[in-house]
Every structure is written in structure tokens, then in C-alpha cells.
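Overview (structure and organization)
Residues per chain are reported as follows:
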Number of protein chains: 2
Amino acid sequence: MDFRIEDISPEEIDRRLSVVEPLTDSVRQLVDAVIRSEVSDDELRAAQAQIDDVVAALRTKQRPGSFGTPFTKTFIGMPWGNAAVGARNAIAPPLRIRRSPGLAECEMVLGAAYEGPGGCVHGGIAALLLDQLVGEAASTDGLPSFTGTLTVKYLRPTLLGALSARAEVTGREGRKTFVRATLSDDDGATVEAEAIMICPKGFELPTGDALPQPANSRDDL
Amino acid sequence: MDFRIEDISPEEIDRRLSVVEPLTDSVRQLVDAVIRSEVSDDELRAAQAQIDDVVAALRTKQRPGSFGTPFTKTFIGMPWGNAAVGARNAIAPPLRIRRSPGLAECEMVLGAAYEGPGGCVHGGIAALLLDQLVGEAASTDGLPSFTGTLTVKYLRPTLLGALSARAEVTGREGRKTFVRATLSDDDGATVEAEAIMICPKGFELPTGDALPQPANSRDDL
């Protein structure tokens, strides 16, 4: 796994995000517009030609492989390619995750790009968001945590639109952390998840009250 | 849920796909390029302006809400907005799922847009793909099937790159169908999933050998 150090200042992080976040938002709009557009075939082909031009320009200088997960020396993470929360990744819905010890929460609006059954959120998208959130809740002590097992129960259809999600640590046992999470609409939970998270060997486990502060995203700056 | 009838011919379906599939591929390239590009901020801003122009042109005529899941009268599905397999949805990796009774399989190449931990497939993306595949395997008899519970076990990290996935029905019990699935690299399974799928009330359950043929995607035309 690629966890390189890229030691830039918080100000430089903010500067870079101020450029890429609006760009990513525009790409999200494009993903949505391509799904919903009813313009003529000729207009669709013209759109494609313009997109291909933009891609060619962006690719004149590009990182090989994937974005990876760089960190500063003070352990501020920049997971900007991440499929669920990456600031440069248009697959990720725009999320602002709030963290406190053992807890991660966010609100979101899921549109046409996240559809499964007609008008509903794809069950796998619900799983993607909850997988990210259980990872965030399990790692608010600053240690990395990977999903070992994720069990997702679909209680009823989740309509596209405004939703909230919440993940909370329910217990710890050695390198395992147990997390429960929900995706909810205004009427309550539509999807429930339980996760067993694993802290990889080689990382020191927290002891007692001496938990480091979470510092793994821009929200914590 | 929106399951409208749009009764067009298989030829018209192919004609429409011949326009939107290349367009969606171009948007996928754009999603990837925005993640990986290292051009200057000015060039990124110029790219954004061009993308905004394309979005505006596409939105001059567009469907309200989401794409939905239209079917022809002969039950050929057009889930083109689907987040895992939609022909118009750039979030979906390009998959060609092969189906036979109780079985669904596909190969795929997952690039930078599907990253979680550095260099690895996001666990939630693995869940998204396996959720789609268990649904496809459970519904090869032509009846709809929704995920009730999905349990995903992460055996080891899944590196970005060429992968295959397979889902197989292991049993049925009334309206429940049990499915087992794997995501694999060249060295074997990296992620395993078990699903309990539910056929909604109001649909007739198959009896004995009289299973209708699968007809829920373009691959079956």
C-alpha cells in the first residue's frame, strides 16, 4: 500500500483544495448531466469531443498509477483520490464528515448518479458510504483501521435525496474494533451495518485516555 | 420505485447505446484524469470552465430526477443510470456481466477512481460490485431480487488492476435466495460475500423447471 509522505503546510493543502474541489464538483455535474440529458445524438457526440479535449489537456502531465494516500509529517491525510471521500474523485459524493472519539457522522444529498432500483440509492452505494464511515469512526484515535467484515442490512428502500449517516464504535478487543452504522432518511434508518475493523500489526494501539486527536482529513485542520 | 415501460426495439436500444457508451467512457477518462493530473492550477481552472460549458449544453434538455429503470414490454431492462452497471453512468466501471441460471460473472479493470487505501480497491467499491453481482445471479430467472443482507469479508487487500468477480446462488427458501460471491485477483479471492436476496411480494415465484430466460440487460439481446 502506498502511504507516502508529502510534507506540505496546511495553507498549501487549502490552496490546492480550493482549485481541485470546484473542478471535482464540475465533473460530478457532468456525470449527472450525461445520465439525464435528452439532447440529440449529435449534441451528445459534440459533448464527447469536448470532454476528450479536456482529458488530453489534463493528461499532458499526470501522476502514474493512482493518487495514493499521502500524509504530511504531522499526519494530516490527503486521500484525495478516495472513491468515497476523495476531494479529486467525482465518484465520491461531496461529504463533510464530522468526527469525535469513536464517532463519525455526515449528511449528504445523493442524486441520479447513485441510483440502483428506479429512484432509489443503489444498495452497493449505501455499503460504500457506510464502509467509509465505519473506517472513519474506528480510526478517530489516529490509528489506521481496515474493514475485516462488513454486514449490511437493508431495512427498506432508500430514496435518492437528502440522507444522513452515522457510525459509532461499540467495542474494542485487541486489534479489533466493532462499529455500528446507519444510513437514514427523515423517517429513520433505511440501512444498518455492523463492522469488525482491524488495526494492522506494526501500529501501536492506544492505551487508556492518551488518545491522539483525529487528524486525518481537512476537516480537522 | 420507478419501473416505467419504454417500448423500443432492440435495434433502437443498440443505436442509443452506440452513442452513450463512448460518451460515458470519455467521462470515466475525465474522472481518472482529474484525480491524476499534475498540470498547473490555471490549466485545471481552464479545464473546469470547459467542463461547465459541456454541462450547460447537456442540461438544455434533460430528464427530471434520475434515469430510472425503464423496461421494454418484452422485459429488456435499460438500467442505464445504475451506479454499478449503468451505460450512462461514469461511476460504474465498464462491466460485461455474463449470466447463466443462478450465476453471474465478469472481469474488470479498476483504476485510480476506485481507490481506497493507497494502491488498493476501496472496500466499499468491492461491496458495490459484489452487491450488484449477487443481485444479477439471484435474478437470472427473470424475477426481481433485492438485497436483504450482504456480508462482506475482506480476506486481504485488493490491488487496483485486473480483477474478476463471480456470484452463485447456493439455495432458495420461499422468497429468499442465498448467494455467495467473490472478488478475485490472479492469486485467488481477495473479498468474499454472502447475500440473502428477497423477491418482493407481487411477483410470481418460479416453479420447477419453467424458469424464464434472463432478459435484463443488453448482453441478453
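Predicted model only: the values in this text are computed from it and were never measured. (Residues numbered from 1 in each chain as written. Chains lettered and ligands numbered in written order. Predicted model: local features only at pLDDT ≥ 70, side-chain atom pairs only at ≥ 80, totals over all residues.)

**Observations regarding the environment of E38(A)**
- By secondary structure assignment, the location of E38(A) is in the loop between α1 (10-36) and α2 (41-58).
- Among the residues examined, E38(A) registers 12 C-beta atoms within 10 Å and is labelled exposed.
- Sequence separation between E38(A) and V54(A) is 16 residues, and the spatial gap between their C-alpha atoms is 22 Å.
- In this view, E38(A) contacts K61(B), Q62(B) and R63(B); residues no more than four positions away in its chain are not counted. (Helix = DSSP H or I, 4+ residues; strand = E, 2+ residues; numbered from the N terminus. Buried ≥ 20, exposed ≤ 12 C-beta atoms within 10 Å, placed from the backbone. Contact = placed C-beta atoms within 7 Å.)

**Details of the domain arrangement of chain A**
Residues and elements named next belong to chain A.
- Its domain assignment divides chain A into domain 1 (1-92) and domain 2 (98-207).
- Inter-centroid distance (C-alpha atoms) of domain 1 to domain 2 is 23 Å.
- Every contact between the two is made by 7 residues of domain 1 and, on the other side, 7 residues of domain 2.
- Across the side of domain 1 that touches domain 2, the residue classes tally to 5 nonpolar, no polar and 2 charged. (Domains from an automatic or database assignment. Nonpolar A, V, L, I, M, F, W, Y, C, P; charged D, E, K, R; others polar.)

**Re the relation of the copies chain A and chain B**
- Aligned on chain B, chain A shows an RMSD of 0.0 Å; the corresponding rotation is 180° and the shift along the axis is 0.0 Å. A rotation of that kind, with that shift, is consistent with a two-fold axis. When each C-alpha of chain A is compared by its distance to the rotation axis, T151(A) comes out closest, at 2.1 Å.
- Looking at the interface residues of chain A, 100% of them are also at the interface in chain B, so both copies use one shared face. (Least-squares fit on C-alpha atoms with pLDDT ≥ 70 in both.)

**With respect to the sheet that holds strand β2 (residues 103-110) of chain B**
- The sheet built from 12 strands is open, its strands ordered β1(A)-β2(A)-β4(A)-β5(A)-β6(A)-β3(A)-β3(B)-β6(B)-β5(B)-β4(B)-β2(B)-β1(B) with antiparallel pairing. Looking at the sheet topology across the chains shown, the edges are occupied by β1 (98-100) of chain A together with β1 (98-100) of chain B. Mean inter-strand twist for the sheet, computed between neighbouring axes without regard to direction, equals 15°.
- Judged from the 8 bridges that link them, strand β2 (residues 103-110) of chain A and strand β4 (residues 161-173) of chain A form a sheet pairing that is antiparallel. (Pairing = 2+ DSSP bridges. Axes fitted to C-alpha atoms, helices over the stretch in contact; angles between N-to-C directions.)

**Some words on the pairing of β2(A)**
- Here β1(A) pairs with β2(A) via 3 bridges, running antiparallel. Bridging across to β2(A), S100(A) finds its partner in L103(A).

**Examining helix α3 (residues 123-138) of chain A**
- When the terminal C-alpha atoms of α3(A) are compared, their 22 Å separation across 16 residues agrees well with the 22 Å that a helix rising 1.5 Å per residue should span.
- Here α3(A) lies mainly inside the structure; 16 of its 16 residues are buried. (Expected span 1.5 Å × (residues − 1).)

**Thoughts on α2(A)**
- Taking 1.5 Å per residue as the helical rise, α2(A) with its 18 residues ought to reach 26 Å, and the 26 Å between its terminal C-alpha atoms agrees with that figure.
- Those residues of α2(A) hidden inside the fold are in contact with α1 (10-36) and α2 (41-58) of chain B.

**Thoughts on the nonpolar core**
- In this structure, V31(A), L130(A), V134(A), V31(B), L130(B) and V134(B) are the most contacted members of the largest nonpolar core, which totals 116 residues.
- Other than its neighbours up to four places away in sequence, V31(B) contacts V27(A), A90(A), I91(A), A90(B) and A113(B). (Core = buried A, V, L, I, M, F, W, Y, C linked by C-beta atoms within 7 Å.)

**Observations regarding the interface of chain A and chain B**
- Counting from both sides, the interface comprises 80 residues of chain A and, opposite them, 80 residues of chain B.
- Of all the secondary-structure elements, those providing two or more residues to the side of chain A that touches chain B are α1, α2, α3 and β3 (146-154) of chain A.
- For the side of chain A that touches chain B, the element with the highest residue contribution is α1(A), accounting for 14 residues.
- Considering only residue class, the side of chain A that touches chain B consists of 40 nonpolar, 26 polar and 14 charged.
- The sheet contact formed by β3(A) and strand β3 (residues 146-154) of chain B spans 5 bridges and is antiparallel. The residue of β3(B) that forms the bridge with T149(A) is K153(B).

**Concerning the environment of P22(A)**
- Note that P22(A) resides in helix α1.
- Measuring from C-alpha to C-alpha, the distance between P22(A) and R88(A) comes to 9.2 Å, with 66 residues separating the pair along the chain.

**What about the packing of α1(A) against α2(B)?**
- For the pair α1(A) and α2(B), interaxial distance at closest approach is 9 Å and the crossing angle is 25°. Comparing the axis directions of α1(A) and α2(B) gives the class roughly parallel. In the crossing of α1(A) with α2(B), the sense of the turn from one axis to the other is left-handed. Seen from α1(A), the contacting residues are V19(A), V20(A), P22(A), L23(A), S26(A), V27(A), Q29(A), L30(A), A33(A) and V34(A); seen from α2(B), they are D41(B), L44(B), R45(B), A47(B), Q48(B), I51(B), D52(B), V54(B), V55(B) and L58(B).
- Classifying every residue of the contact of α1(A) with α2(B) by side-chain character gives 14 nonpolar, 3 polar and 3 charged. (Parallel < 35°, antiparallel > 145°, perpendicular 65-115°, else oblique. Left-handed = near helix turned anticlockwise from the far one by under 90°.)

**Focus on the packing of α1(A) against α1(B)**
- With their axes 11 Å apart at the nearest point, α1(A) and α1(B) run at an angle of 165° to one another. Here α1(B) runs roughly antiparallel to α1(A), going by the angle between their axes. Where α1(A) crosses over α1(B), the two elements pack in a sense that is left-handed. Of the residues in α1(B), those in contact with L23(A), T24(A), V27(A), L30(A), V31(A) and V34(A) of α1(A) are L23(B), T24(B), V27(B), L30(B), V31(B) and V34(B).
- The residue makeup of the contact of α1(A) with α1(B), split by class, is 10 nonpolar, 2 polar and no charged.

**Let's talk about the pairing of strand β5 (residues 176-185) of chain A**
Residues and elements named next belong to chain A.
- By the bridge criterion, 9 bridges tie β4 to β5 in an arrangement that is antiparallel. The partner of V169 across the bridge, within β5, is V179.
- Between the antiparallel neighbours β4 and β5 lie 2 residues, among them G174 with a positive phi of about 60°.
- Pairing of β5 with strand β6 (residues 188-198) involves 10 bridges; the strand directions are antiparallel. Considered in β6, the bridge of F178 is made with I196.

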